[in-house]
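Okay, here's what each chain looks like letter by letter:
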Amino acid sequence: MDFDIPLLPGSPRRLSPRAVVRGGQGPKHGQQCLQVPGPPAQGLQGSVPQGSSQASGGGSPPNSSVINNYLEASEPVSSEARVSRMHFHDNHRKVDYVLAYHYRKRGAHPGHGSPGHSLAIVSNGETGKDPQAGAPGDIELGPLDALEEERKEQREEFEHNLMEAGLELEKDLESKSQGSVFVRIHAPWQVLAREAEFLKIKVPTKKMYEIKSQGSIAKTFNKILHKLSAPLKPRVPEHSNSRMKNLSYPFSREKMYLYDIRDKDTFFDNATRSRIVHEILKRTTCSRANNTMGINSLIANNIYEAAYPLHDGEYDSPGDDMNDRKLLYQEWARYGVFYKFQPIDLIRKYFGEKIGLYFAWLGLYTSFLIPSSVIGIIVFLYGCATIEEDIPSKEMCDRQNAFTMCPLCDTSCDYWNLSSACGTARASHLFDNPATVVFSIFMALWATMFLENWKRLQMRLGYFWDLTGIEEEEEHSRPEYETKVREKMLKESNKSVVQKLGTSGTEAEDEIALTFSIVFGVIVYRITTAAALSLNKATRSNVRVTVTATAVIINLVVILILDEIYGAVAKWLTKIEVPKTEQTFEERLILKAFLLKFVNAYSPIFYVAFFKGRFVGRPGSYVYVFDGYRMEECAPGGCLMELCIQLSIIMLGKQLIQNNIFEIGVPKLKKLFRKLKDETEPEEADSAHSKHPEQWDLDYSLEPYTGLTPEYMEMIIQFGFVTLFVASFPLAPVFALLNNVIEVRLDAKKFVTELRRPDAVRTKDIGIWFDILSGIGKFSVIINAFVIAVTSDFIPRLVYQYSYSHNGTLHGFVNHTLSFFNVSQLKEGTQPENSQFEQEVQFCRFKDYREPPWAPNPYEFSKQYWAVLSARLAFVIIFQNLVMFLSVLVDWMIPDIPTDISDQIKREKSLFVDFFLKEEHEKLKLTEEPAQRSQSSGHRSRRGPAASPAPSGRSQLGSSASSGSQHTSV
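Residues numbered from 1 in each chain as written. Predicted model: local features only at pLDDT ≥ 70, side-chain atom pairs only at ≥ 80, totals over all residues. Heavy atoms only, no water.

Under an unreviewed UniProt entry, the name given to the chain is Anoctamin 2, and the organism recorded is Ovis aries.

(A) How the structure looks around the overall build of the chain. Tallying secondary structure elements over the chain gives 29 helices and 18 strands in all. Burial status across the chain gives 48% buried among its 970 residues. Contacts spanning at least 24 positions in sequence make up 80% of the contacts within the chain whose residues lie at least 6 apart. Accessible surface, the chain: about 47,400 Å² in total, of which carbon and sulfur atoms supply 58%. (Helix = DSSP H or I, 4+ residues; strand = E, 2+ residues; numbered from the N terminus. Buried < 20%, exposed > 50% of the residue type's maximum accessible area, 1.4 Å probe, protein only. Contact = heavy atoms within 4.5 Å. Areas by Shrake-Rupley, 256 points an atom, 1.4 Å probe, with all protein chains shown as cover.)

(B) The packing of helix H13 (residues 434-464) against helix H22 (residues 709-723), seen in detail. Packing of H13 against H22 brings their axes to within 10 Å, and their N-to-C directions diverge by 145°. Here H13 contributes Met-443, Trp-446, Ala-447 and Phe-450 to the contact with H22, which in turn contributes Phe-719, Val-722 and Thr-723. A per-class count over the contact of H13 with H22 returns six nonpolar, one polar and no charged. (Axes fitted to C-alpha atoms, helices over the stretch in contact; angles between N-to-C directions. Nonpolar A, V, L, I, M, F, W, Y, C, P; charged D, E, K, R; others polar.)

(C) Expanded view of the pairing of strand S5 (residues 178-186). Where burial is concerned, most of S5 is hidden: seven out of the nine residues are buried. For strand S2 (residues 97-104) and S5, the ladder comprises eight bridges, and the chain directions are antiparallel. Paired with Leu-99 across the strands is Val-183, a residue of S5. Note: strand S4 (residues 168-172) against S5, four bridges, orientation antiparallel. Paired with Leu-169 across the strands is Ile-185, a residue of S5. As consecutive antiparallel partners, S4 and S5 are separated by five residues. (Pairing = 2+ DSSP bridges.)

(D) Looking closely at the nonpolar core. With 115 residues, the main nonpolar core has Trp-361, Tyr-365, Tyr-602 and Phe-725 as its most contacted residues. A per-element tally of this core places helix H18 (residues 582-611) first, with 16 residues. Counting residues in each nonpolar core, the second largest holds 45 residues, with Ala-196, Phe-251, Val-277 and Ile-905 among its members. (Core = buried A, V, L, I, M, F, W, Y, C linked by side-chain atoms within 4.5 Å.)

(E) Main features of the environment of Gly-469. Note that Gly-469 resides in the loop between H13 and helix H14 (479-491). Judged by its relative accessible area of 69%, Gly-469 is exposed. Measuring from C-alpha to C-alpha, the distance between Gly-469 and Lys-764 comes to 9.0 Å, with 295 residues separating the pair along the chain.

(F) Quick peek at the pattern of salt bridges. In this structure the tally under the stated criterion is 28 salt bridges. For Lys-455, the salt bridge goes to Asp-896, with nearest N and O atoms at 3.3 Å. Of this pair, Lys-455 sits in helix H13 while Asp-896 is found in the loop between helix H27 (863-893) and helix H28 (899-943), placing the two residues 441 residues apart along the sequence. Judged by relative accessible area, which is 19%, Lys-455 ranks as buried. In this structure Asp-896 comes out as partly exposed when scored by relative accessible area, which is 34%. (Salt bridge = Lys/Arg side-chain N within 4 Å of Asp/Glu carboxyl O.)

(G) Expanded view of unusual backbone geometry. Backbone geometry at Lys-200 places phi at a positive 55°, although glycine is not the residue there. Note that Lys-200 resides in the loop between helix H4 (189-199) and strand S6 (202-210). Residue Lys-200 is classed as partly exposed on the basis of its relative accessible area of 47%. The phi dihedral of Tyr-859 is positive, around 65°, even though this residue is not glycine. Looking at the element boundaries, Tyr-859 is found in the loop between strand S18 (843-847) and H27. Its relative accessible area of 6% is what places Tyr-859 among the buried residues.

(H) Geometry of the packing of aromatic side chains. Applying the stated rule across the entire model yields 61 aromatic pairs. Taking 5.3 Å as the distance between ring centres and 50° as the angle between the ring planes, the aromatic pair formed by Phe-820 and Trp-854 counts as tilted. A residue pair is termed long-range when its members are at least 10 positions apart, and Phe-820 in strand S17 (residues 818-822) and Trp-854 in the loop between S18 and H27 qualify at 34 residues. Relative accessible area serves as the criterion here: at 56%, Trp-854 is assigned to the exposed category. Note that Arg-757 overlies the ring of Tyr-350, its terminal NZ or CZ placed 3.8 Å from the centroid. Across from the ring centre of Phe-861, 4.3 Å away, lies the NZ or CZ of Arg-850, which sits over that ring. (Phe/Tyr/Trp six-rings, centres within 6.5 Å; stacked < 30°, edge-to-face > 60°. Lys NZ or Arg CZ within 6 Å of the ring centre and 35° of its normal.)

(I) Representation of helix H24 (residues 768-791) in the model. Taking 1.5 Å of rise per residue, the 24 residues of H24 would be expected to cover 34 Å, and the 32 Å separating its terminal C-alpha atoms lies within 8% of that figure. Taking burial as the measure, the 24 residues of H24 include 17 buried ones, the bulk of the element. (Expected span 1.5 Å × (residues − 1).)

(J) Inspection of a nonpolar patch on the surface at higher detail. Residues Ile-553, Val-557, Ile-561 and Ile-565 make up a contiguous nonpolar surface patch of roughly 340 Å² in combined accessible area. Along the polypeptide, Ile-553 turns up in helix H17 (residues 543-577). Ile-553 gets classed as partly exposed once you look at its relative accessible area, which sits at 48%. (Patch = residues over 30% accessible without salt bridge, like charges linked within 9 Å, V, L, I, M, F, W, Y side chains within 5 Å.)

(K) Just the packing of helix H8 (residues 324-331) against helix H23 (residues 732-754), in detail. Remark: H8 packs on H23, axes separated minimally by 10 Å, with the N-to-C direction vectors making an angle of 160°. In terms of orientation, H8 and H23 fall into the roughly antiparallel class. Crossing hand, H8 versus H23: left-handed. The segment H8 lies against H23, with Arg-325, Leu-328, Tyr-329 and Glu-331 engaging Arg-745, Val-752 and Thr-753. For the contact of H8 with H23, the residue count by class is three nonpolar, one polar and three charged. (Parallel < 35°, antiparallel > 145°, perpendicular 65-115°, else oblique. Left-handed = near helix turned anticlockwise from the far one by under 90°.)

(L) Structural detail: the environment of Asn-302. Among the structural elements, Asn-302 can be located in the loop between helix H7 (295-300) and strand S10 (306-308). Classification of Asn-302 by relative accessible area gives partly exposed; the value is 49%. Distance in space between the C-alpha atoms of Asn-302 and Tyr-101 is 8.4 Å, their sequence separation being 201 residues.

(M) A look at the confidence of the model for the chain. Per-residue pLDDT for the chain has a mean of 75; in total, 73% of the residues score no lower than 70. Averaged pLDDT values for the elements of the chain fall to 32 in helix H2 (residues 52-56) and rise to 93 in helix H10 (residues 353-385). Here residues 1-80 is a poorly scored stretch, pLDDT under 50, and it has 148 contacts once near neighbours within four places are set aside; other chains count. Scored below 50 in pLDDT, residues 124-143 shows 58 contacts in the model against residues more than four places distant or in partner chains. (pLDDT = per-residue confidence, 0-100.)

Shown next as structure tokens:
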């Protein structure tokens, strides 16, 4: 079976005659057609004389193809002739996309090709012969292995199908024994216009209008704000004239008169051109590759190595020549401009709407951290200022009170004075004070206001970026889905697929179980280490500090390691499910990765907040994990201080290590490794090419773009640290703000300098990430309610002050929270050995609300316990409903769509109707004038002057229509 595939240089295959004849056509204007000397190449069925391409193309449609252009091997392109490294070698056609692959030959003659010159073919559908093919022996190649031959045939068919779609290709000759080949793709105007209409791409029309100004007060305020913020604005063109806007309309070839098309080469910007080409690449099929659809499938099958659009030149090139990439680097991607606003419009123009929305969201989130950081610092300073006035910590530090506490472990631990925990109690007051409750309410409302303002900003950007009313683009099937469907069709059974799909849920449960197992392992480590250190007198005094610090560090290391593992596991589980489209794959991957990383990051914090010290038991009836190892207790000042330490170390360590090592160090190591690999491989490239590499060579050496999921995930986990446990660590927004100031520039530098240019993707919102943020915001209300009610001493202090205190103060609170235990009732073998305590102990104290040993029901929960428990539950209910009500109120008070944007959208629709009618009227006049003149001359020749009223009436109609459209101007 013969396929109509173009013959590319170095191909030994035979083609059907129509594969040679079909693409023939005369050369385009300004395009050179070089005659190939010598007889026609052997191996083609039929005789094709020189110049037959012109003759054979007579019956072809006019837009089907163009004769190939060859660059002479004896006439290398000089550096002066190469005006731009963003164009084909003719310096006219822009490179819109690049395909790269690696080839390897066997038995190639050493003299084949010209190693000193870079040969290329510019092709738009015509098959041709190697320009150096003077004789059959000159192009004779050694046999290729079957895999390389199959890949080559698939590439040839795919490239032929691209040319059938109207794209123009320029391809390097495979003149060496092995190496990389770049296929440059150019989309001519006809293809751009066709695809823009098919994709319904909105483009600016001729009509410009001034954006309606706000009220006088708001206008004055904006002017003052504009002047004050002028030094913070980046120096980019988009910020110079923001009051004027073009009316936009989906591109239509039938309504070309609506658009201001001054230059067809620049009407569509580079991002739009590459997006159009990428859409063609995604839907082009290859029958030799099992009818595989799209470039992604070919890359997955190693037919091609990479496919990417070009960057707009170099970002660090000397001289005054400026491009968007260089401008982004100077005004956005350097740490020296950290104080400036982001040029969001330029980011969107260069990278597309999806990446533009991410950086807009990150910028808004970072700016919202400023007020929360200020209030968090105020809360912390309030704790510092009132630490000397805190009555409970004073009572704990007072040695005259002499609260003799029960041993912290069996046998080896002695009785101890509560005053020895003075430092912990004083430090706890920094975060456990009434101001943290107010701060928790504020942060819950802060999360709601942030999400509401993001919806408003999203709508505002959608208006200025012409995203309103865009439709969801049809997605193509993923390569893995196509492969699975083919396997299913071949096997005619889906049992194996069902079995594989059924394992994904079990695997996810196993991974979460692994996290809980590691948390339990750290708990056992804390218990056993505390017991071991208590045996030594030298380390006995610092047991709690040592155990807490080392356990937190172990947790941090485990979290960082499991983060990377869980990312791979989530991807593997999603691949097993075989989602059909990329969007479905991405959403499922995000949900799995978020679930696993959420449990991984927060499980140690949840343990300290809600479980540690809750299931200890009491003296004489302790709960043991293993034989002789009791469950660990909270510090005398409560678990809130330890929760603060745990949260701060994990949050700061995660940010510092991930930012400095994973995001900065790992890409540099990959780049170094790739450079060393390139140096060790044998090269046959010429020195001139290595001194002046092309843009596609430079971009090929960069890291491929893998999506925004890691960037969003990092910020979402941080958002959880800021909102979920903010009652225990009011300084969390401060550290998040400091991290994000660096993170914005770090991500910017990565996108501009270290990654290949991503494909421009149009989207109206941030997708599933908004739902995750909204869920975390609602969950944070419940978590903070329980942290205040259960973990802190806020509720017990309120209950004591208003129910049990004699003078309405907190004097006597510490004694109220401590219960008595008769040491004679300790179990045999658990009493302290060789007690060094100063006096003989008859009763020891422990923190709990229980009846004393002399009560009728000794060691049962007291009335105070049930009163405090009821108050805690009541607080959770009241706090949750109050904050939820306030959040709903804020949501209702702040409209999702800003009023001015809503008005502008309505106004724009009205202006466009008037503009459209006016342009249609002008077009009608232009088409009717020749008919009127010919009709008038005909009437005069037959009837003379009597026919003159007809054009008068027609002219009057045109005049009235014209006058009716005058109000469209603004």
